[in-house]
Structures are given as C-alpha cells and as structure tokens.
Amino acid sequence: MKLQKKFMKIAISEAKKGINKDENPFGACIVRDNKIISWAYDKVFTDNDMSSHAEMLAIREACRVLDSCDLSGCILYSTHEPCPMCFTFAHLVKIPKIAFGVFIEDGRKLGYSRDTFPARKMKNLLNSPINLHPGFLRREALGLIRMWEKKRLIKNSLWVNLS
C-alpha cells in the first residue's frame with residue numbers, strides 16, 4: 001500500500017470545495033487497491049452536526065460502497081491530522097493506514113484550534129495498529145488553512161463594514 005499524491009490531491013480538492021461553502025478546511029479520500037472508494041469535505045455547518053467531519057463522512061460512504069464495516073486494505077488520506085473521534089472511527093473500521101497533511105499544532109498556529117489531542121496519542125491510547133504517515137503534502141494542506149483564514153477574515157471585515 002504505497003502512498004500516492006494523486007489521492008491526497010483529491011482530499012485537498014474536497015477541502016477547497018468545503019471552504020467555498022463556508023465549511024472548515026478539511027477533506028478526505030479513501031482508497032483501496034488504488035481505486036477511490038469515497039471522498040468528502042467537512043459538512044459540520046451544512047448538516048448542523050459536529051460529527052460531519054470529512055473523515056467521518058468518507059468512512060461512512062466507504063462502508064456503504066463496500067457494503068462492509070471492515071475497511072481493511074484501505075488508506076485514509078486526510079488534509080488534517082484526524083481528531084480523536086475520526087481516529088477512533090478509523091480504528092473501529094480497521095483502516096490500517098492514515099496519511100495526513102497538517103498537524104494539529106500547525107492548525108493552531110494558523111488560527112484553527114479545535115483539535116488538541118494528536119493522533120499519535122490516540123494510537124497509543126487505543127493500542128491501535130494504524131500506521132500514521134504525517135506531513136504528507138503538508139505544504140499544500142497548510143495552504144488550505146491559510147485559504148480558510150483569509151476567507152474568514154474577508155467575510156468578517158465585510159460584516160463589520162456593513163454593520
């Protein structure tokens with residue numbers, strides 16, 4: 001199971017779609033045998049559902065597509081380090097490998113600070129066999145948070161100017 005940039009770029013593209021719809025700057029893609037199974041962007045605000053993270057949505061769809069709750073043999077590509085909820089869900093469905101771009105610490109430095117518990121700690125806590133591949137296309141993934149922050153600042157300044 002070799003990591004491939006083209007699959008992470010799908011996750012990045014999904015995150016851009018989400019940013020354009022005023023969602024958080026996260027995207028995910030799930031692949032098995034070099035075939036894309038599912039992809040998603042965050043829909044927390046669209047769905048009014050805090051569990052509508054890109055990873056959660058991609059995992060749910062992959063389970064539907066494969067008609068199984070066992071995603072052994074799949075790779076989860078995520079633009080951001082999975083939060084504890086997303087990591088646990090990936091662990092439960094037996095995803096063996098997660099590649100992610102932005103570290104939680106990166107997000108905090110750039111103004112996004114929702115997550116505070118790194119995936120490596122979840123891995124240790126759950127004694128999980130998931131192989132983590134952090135920093136995969138990190139520069140491109142960092143650009144998503146910058147894009148999100150810029151859009152948020154513009155939107156806030158327009159709101160202030162209209163008030």
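Residues numbered from 1 in each chain as written. Predicted model: local features only at pLDDT ≥ 70, side-chain atom pairs only at ≥ 80, totals over all residues. Heavy atoms only, no water.

A. Layout of the sheet that holds strand β2 (residues 35-41). Spatially, five strands are ordered β2-β1-β3-β4-β5 in an open sheet, and the strand pairing comes out mixed. Every other strand in the sheet has two partners, leaving β2 and β5 (131-133) as the edge strands with one partner each. The sheet shows a mean angle of 15° between the axes of neighbouring strands, direction not considered. Note: strand β1 (residues 27-32) against β2, six bridges, orientation antiparallel. Looking across to β2, one finds that alanine 28 is bridged to alanine 40. Where helix α3 (residues 54-66) meets the sheet, its contacts fall on β1, β2 and β3 (74-80), and the angle it forms with β2 comes to roughly 145°. (Pairing = 2+ DSSP bridges. Helix = DSSP H or I, 4+ residues; strand = E, 2+ residues; numbered from the N terminus. Axes fitted to C-alpha atoms, helices over the stretch in contact; angles between N-to-C directions. Contact = heavy atoms within 4.5 Å.)

B. Representation of the pattern of salt bridges. If you walk through the whole model with that rule in mind, you get four salt bridges. Residue aspartate 22 is joined to lysine 151 by a salt bridge in which the shortest nitrogen-to-oxygen separation is 3.1 Å. In this pair, aspartate 22 sits in the loop between α1 (5-20) and β1 while lysine 151 sits in helix α7 (residues 138-162), placing the two residues 129 residues apart along the sequence. Residue class for aspartate 22 comes out partly exposed when judged on its relative accessible area of 39%. Relative accessible area serves as the criterion here: at 26%, lysine 151 is assigned to the partly exposed category. (Salt bridge = Lys/Arg side-chain N within 4 Å of Asp/Glu carboxyl O. Buried < 20%, exposed > 50% of the residue type's maximum accessible area, 1.4 Å probe, protein only.)

C. Representation of the packing of α3 against helix α4 (residues 84-92). One way to put it is that α3 packs onto α4 with a least axis distance of 9 Å and a crossing angle of 20°. By the angle between their directions, the pair α3 and α4 is classed as roughly parallel. For the pair α3 and α4, the crossing hand works out as left-handed. Counted together, Glu55, Met56, Ile59 and Arg60 of α3 and Met85, Cys86, Phe89 and Ala90 of α4 form the full contact between these two elements. In terms of residue class, the contact of α3 with α4 is made up of six nonpolar, no polar and two charged. (Parallel < 35°, antiparallel > 145°, perpendicular 65-115°, else oblique. Left-handed = near helix turned anticlockwise from the far one by under 90°. Nonpolar A, V, L, I, M, F, W, Y, C, P; charged D, E, K, R; others polar.)

D. Representation of the packing of aromatic side chains within the structure. By the definition in use, this model includes three aromatic pairs. Taking 6.2 Å as the distance between ring centres and 45° as the angle between the ring planes, the aromatic pair formed by tyrosine 77 and phenylalanine 136 counts as tilted. With tyrosine 77 in strand β3 and phenylalanine 136 in the loop between β5 and α7, this pair connects stretches of sequence that are 59 residues apart. As far as the burial class goes, tyrosine 77 and phenylalanine 136 line up, both buried. A network of ring pairs unites the aromatic residues Phe7, Tyr77 and Phe136 as a single cluster. When the ring centre of tyrosine 41 is taken as reference, the NZ or CZ atom of lysine 43 above it lies at 5.2 Å. (Phe/Tyr/Trp six-rings, centres within 6.5 Å; stacked < 30°, edge-to-face > 60°. Lys NZ or Arg CZ within 6 Å of the ring centre and 35° of its normal.)

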